[in-house]
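Listed below are the residues making up each chain.
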Amino acid sequence: MANAAVLSDEDVMEPTLQSIIDQKTLRWIFVGGKGGVGKTTTSCSLAIQLAKHRKNVLLISTDPAHNLSDAFNQKFGKDARKVDGFDNLSAMEIDPNGSIQDLLAQGGESAEESMAALGGMGNMMQDLAFSIPGVDEAMSFAEVLKQVKSLSYEVIIFDTAPTGHTLRFLQFPTVMEKALSKISQLSRQFGPMLNGFLGASGRLPNGQNMDELIEKMETLRSTISEVNEQFKNPDMTTFVCVCISEFLSLYETERMIQELNSYEIDTHAIVVNQLLFPKQDNPCEQCNSRRKMQKKYLDQIGELYEDFNVVKMPLLTEEVRGSGKLEKFSEMLVKPYQPPV
């Protein structure tokens, strides 16, 4: 049988994600890989399994394509919403293109009004912040921090954008710390001068207090610094790589794992999607030929990542959409798939 060699391999690590489910200290789980390899299906399935063992689970899409709504056949937006059929699983889709003004806006005022009230200083702060590479991607996480801080979730799963965007997104804590540090420095430098113009009230024309604005930025920087430390802690954060058994996907997975190591972010699990398991007497030449190709790259994955949990998921004959199908698919993340003979 074409797939017998693959299934009978003795893996050093269990070929499931059960160890991630069992690791109760995990708070942040990222799911990522090349576009079109099944990241959303995998992240939704992992979230479903985690919901069986955790009190509260939050699934977040940071992919501009926003596939969570399609996967669950339910509309999600920028606010966390319960997934139909689950009491302890929520989901949200955030816009990865945030803006520095949104962080500086306070009360009911718009970001534009807040920045206008700061006049020339506001423009300098904005220009300085946007001069830092990657700040656009970094800003998106500000929305997440607000949600996570106000709501209690034991674990947060990220359905990320394709590899390049994801790697930039994971740099956000460092990028944000730099941006906010420079803004804060500028605020302190020009603050006394500005307060001289503001008078005894210390308030801007729109009622904002300069000291409160600086304090808000310092608090945000402190929060992001804390998250940065958590991301580098393998007890709290891990990254699940998703790929298919083809050269380009394997190449991108290797590049991503090297990058994650350079960021000090733990990764020890790979989900290989869309595998063919033809029967021994299958007359389909294309099926058998493709299975042979997949076998070659699966062997390479086994050699390269012998100390990883490598989960092999089948190509199904129908789309995995809706809570019911996702839940069924999710079982294969913790129980190795057994193909028909």
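All figures in this text were calculated on a predicted structure; none of them were measured in a lab.

Undergrad: Describe the pairing of strand β6 (residues 237-244), and please don't skip the residues or the numbers.
TA: With 8 of 8 residues buried, β6 lies mostly within the body of the structure. Of the two faces of β6, the one carrying Thr237, Phe239, Cys241 and Cys243 and the one carrying Thr238, Val240, Val242 and Ile244 are both buried. Here strand β1 (residues 28-33) runs beside β6; their pairing, made up of 6 bridges, is parallel. Each bridged residue has a counterpart across the sheet, and for phenylalanine 30 the counterpart in β6 is phenylalanine 239. Where β6 meets strand β7 (residues 269-275), 5 bridges bridge the pair, whose relative direction is parallel. Within β7, the residue paired with valine 242 across the bridge is valine 271. You can see the chain leave β6, run along helix α12 (residues 247-262) and come back into β7, and the turn it takes is right-handed.

Undergrad: Explain the sheet that holds β1 to me, using residue names and the numbers behind them.
TA: Strand order in the open sheet made by the 8 strands is β3-β4-β2-β5-β1-β6-β7-β8, with mixed pairing throughout. At either end of the open sheet lies a strand with only one pairing partner, and these are β3 (81-82) and β8 (309-314). One ladder, built from 5 bridges, connects strand β2 (residues 57-61) with strand β5 (residues 155-159); its direction is parallel. Residue pairing across strands places serine 61 opposite aspartate 159, the latter belonging to β5. Contacting β1, β2, β4 (89-93), β5, β6 and β7, helix α3 (residues 39-51) runs over the sheet at an angle of about 155° to β1. Strands in contact with helix α13 (residues 285-304) are β6, β7 and β8; relative to β7, the strand with the most contacts, it is inclined by about 175°.

Undergrad: Can you explain the environment of asparagine 309? Please cite residues and give values.
TA: Here asparagine 309 shows up in strand β8. In this structure the C-alpha to C-alpha distance between asparagine 309 and isoleucine 20, which are 289 residues apart in sequence, comes to 9.7 Å. For asparagine 309, the side chain forms a polar contact with the main-chain oxygen of glutamate 14, separated by 2.8 Å.

Undergrad: So what's going on with α3? Residues and values would help.
TA: Relative to the 18 Å expected for 13 residues at 1.5 Å per residue, α3 spans 18 Å between its end C-alpha atoms, a close match to the ideal helical length. When you tally the buried positions in α3, you get 12 out of 13 residues, the bulk of the element. Here α3 has its buried residues at Lys39, Thr40, Thr42, Ser43, Cys44, Ser45, Leu46, Ala47, Ile48, Gln49, Leu50 and Ala51.

Undergrad: An account of the pattern of salt bridges is requested, with residue identities and associated values reported.
TA: Enumeration according to the criterion identifies 6 salt bridges in this entry. With its nearest N and O atoms 4.0 Å apart, the salt bridge here joins lysine 34 to glutamate 252. Note that lysine 34 is positioned in the loop between β1 and α3 and glutamate 252 in helix α12, a separation of 218 residues in sequence. Among the residues examined, glutamate 252 registers a relative accessible area of 17% and is labelled buried.

Rules of the game
Residues numbered from 1 in each chain as written. Predicted model: local features only at pLDDT ≥ 70, side-chain atom pairs only at ≥ 80, totals over all residues. Heavy atoms only, no water. Buried < 20%, exposed > 50% of the residue type's maximum accessible area, 1.4 Å probe, protein only. Helix = DSSP H or I, 4+ residues; strand = E, 2+ residues; numbered from the N terminus. Pairing = 2+ DSSP bridges. Right-handed = clockwise from strand over helix to strand, strands pointing away. Contact = heavy atoms within 4.5 Å. Axes fitted to C-alpha atoms, helices over the stretch in contact; angles between N-to-C directions. Polar contact = N/O pair within 3.5 Å; in protein donor to acceptor, adjacent residues only side chain to side chain. Expected span 1.5 Å × (residues − 1). Salt bridge = Lys/Arg side-chain N within 4 Å of Asp/Glu carboxyl O.

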